[in-house]
Amino acid sequence: MFRHPARFYRQSVIKCLVTVSAPLVWFANPAHAGGFALIEHGASGLGHAYAGSAAVSNDTSTVWFNPAGMSEIDGREIAVGVHILDSDNKWTDRGTTLGYALGGAEVSGPETANPGVISTLPNFYYVAPIDEKWRYGLSIGVPFGSSTEYDADWKGRYTAVEGGINVIDINPAFSYEVSEKISLGFGLSIQQLTAELGSSVDSGAVCLSFGSREDTSFSSADCVNADLTPGNLATDSTAEISGDSTAISFNFGALFQPREGIKLGVAYRHSVEHELDGDADFGVNAELRALLDGNTSDTTQAITQGFLRDGKGDAEVSLPATLSFSGAWQVNDKIQLMSDLTWTGWSTFEELRVTYETPVQPDSVTVFAWDDAIRFSAGLSYLVSPRMTLRGGYAFDESPIPGPQRRTTRIPGNDRTWITAGLGYQVNSNFSFDVGYALIMLDDTPIDNLYEEQNGAGTEVRGIYEPSVNILSAQINWDF
């Protein structure tokens, strides 16, 4: 059955326990701004697809998009927003099998799955003057994150079942008005990243990989007699990885007004390097644990008895840099047109490696090899009355995933097209609110990913995702 040396398979078992590439809200939610970034920072911006976000300062959400825009906010202002992301992401099997090193047998489970979830994202912003030239502000939001929730019996369970990542960013910032035409801004990002990831472990494959060795005291026949055969849902074990990290980065921006009615903005956010400290917890099938612990061979006893043991784990995650160029044109008293081009440096996201404290447990490595990505958006706002503004927008959001072979069950992303609409209403001189809606359309998304490329010991997930996303946002703004 096994067509590879057992020592290589032993390593691959751990490598397929966790596949991470980055709710509140980690993966399988396709509502991201490329990869697993989240662009939902402010309800007013959602209304025009975040076009012109580095050039306009409708409210205090400019602290996040371009801190230089704080120079255009008079007095003190607070904004609180919430975004509800409803994703549907049906997966249909097209020949998911155990890896070729396990004979390529079909994996048991339903023909369909749906990891779609409803997620909630909050925002908080505050801006206040220091003097005539300086402003300071604070942004709190979730720039990266998502969630995964498959049924425990689905065919890709050895790659992912459930889990989530949450990146909370606290961003104090300052702006300085150089002149009437130029403003500058800068800030610090203090990020807290937490992750919880779970998957099933193929107990039969683990057992047979050791049972086929000559230096263990149990055999493949013992595994079969205990129903420990590859892909057997009834004898699956589980793996859960959790960890957290705190890291600091920076951002800056500039706002230019070369002539009346024209605004140009540029904003840069530096990459963030996270080093996660975490725990690995394994729920091991009783028959498998008994065989591993009962091994009396001197040469392999330490390995089998230390295999799939709870312990510490470490990982490094590099969140990408972004660079945005925005423009806004006030056509007349009622109409404003906006555009934006944002580059995200996903090419630095090459792999995710989990290193375990237990010496017999090899590193878990998932290769991503993503590309840099571009997001383009265009939008408009129309002043219906002194109190009411209507907004509309369009965006094309490029996926950094090179193709089906690099697509994973935790991030089955694809290129996205956004159609958005929104409304802003000034209740009185001190209070206003904004609402926005986005329909995100994605083509059917194929996946053909062998989850252990080095020796074919993982699961080869083949199928089609049919994703769709709806976003509803609301925000209140208070001047005081």
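Everything numeric here is computed off the predicted structure, so don't read it as measured data.

For the coordinates displayed, the defined rule picks out 23 aromatic pairs. Here Tyr126 and Phe480 contribute two aromatic rings whose centre-to-centre distance is 6.5 Å and whose plane-to-plane angle is 25°, an arrangement assigned as stacked. One end of the pair, Tyr126, is in strand E4 (residues 118–129); the other, Phe480, is in the segment after strand E21 (459–479), with 354 residues separating them in the sequence. Judged by relative accessible area, which is 18%, Tyr126 ranks as buried. The rings of Phe36, Phe144, Trp346, Phe349, Phe368 and Trp370 are connected pair by pair, giving a single aromatic cluster.

Attention now goes to helix H4 (residues 203–211). Of all nine residues making up H4, nine are buried, and the element is well covered by its neighbours. For H4, the set of buried residues is Ser203, Gly204, Ala205, Val206, Cys207, Leu208, Ser209, Phe210 and Gly211.

Further remarks concern the side chain of Gln336. Residue placement: Gln336 occurs in strand E13 (residues 335–344). Judged by its relative accessible area of 11%, Gln336 falls in the buried class. Excluding residues within four positions of it along the chain, Gln336 makes contact with Val56, Ala328, Trp329, Gln330, Val331, Gly379, Leu380 and Ser381.

Another aspect to go through is the side chain of Ser326. Inspection of the secondary structure assignment puts Ser326 in strand E12 (residues 322–330). Residue classification places Ser326 among the buried residues on the basis of a relative accessible area of 6%. Within polar-contact distance, the side chain of Ser326 engages the backbone nitrogen of Ala54 at 3.1 Å. If near-sequence neighbours (up to four positions away) are discounted, Ser326 is found in contact with Gly52, Ser53, Ala54, Ala55, Lys263, Leu264, Gly265, Ser339 and Asp340.

Before going further, it helps to spend a moment on the nonpolar core. Counting 41 residues, the largest nonpolar core has Phe36, Leu319, Trp346 and Trp370 as the members making the most contacts within it. For this core, the elements supplying multiple residues, two or more each, are strand E6 (162–177), strand E7 (182–201), H4, strand E8 (237–259), strand E10 (272–283), helix H6 (286–293), strand E11 (311–319) and strand E14 (351–356). One finds Tyr50, Val63, Leu85 and Leu121 within the second-largest nonpolar core, a separate group that totals 24 residues.

The next subject is the pairing of E13. Along E13, the buried face is formed by Gln336, Met338, Asp340, Thr342 and Thr344; none of Ile335, Leu337, Ser339, Leu341 and Trp343, which line the opposite face, is buried. As judged from the nine bridges shared by E12 and E13, these two strands associate in the antiparallel manner. Within E13, the residue paired with Thr322 across the bridge is Thr344. Hairpin connection between E12 and E13: a loop of four residues separates the two successive antiparallel strands. When E13 meets strand E16 (residues 373–383), the two strands line up antiparallel, connected through ten bridges.

What counts and how
- Residues numbered from 1 in each chain as written.
- Predicted model: local features only at pLDDT ≥ 70, side-chain atom pairs only at ≥ 80, totals over all residues.
- Heavy atoms only, no water.
- Phe/Tyr/Trp six-rings, centres within 6.5 Å; stacked < 30°, edge-to-face > 60°.
- Helix = DSSP H or I, 4+ residues; strand = E, 2+ residues; numbered from the N terminus.
- Buried < 20%, exposed > 50% of the residue type's maximum accessible area, 1.4 Å probe, protein only.
- Contact = heavy atoms within 4.5 Å.
- Polar contact = N/O pair within 3.5 Å; in protein donor to acceptor, adjacent residues only side chain to side chain.
- Core = buried A, V, L, I, M, F, W, Y, C linked by side-chain atoms within 4.5 Å.
- Pairing = 2+ DSSP bridges.

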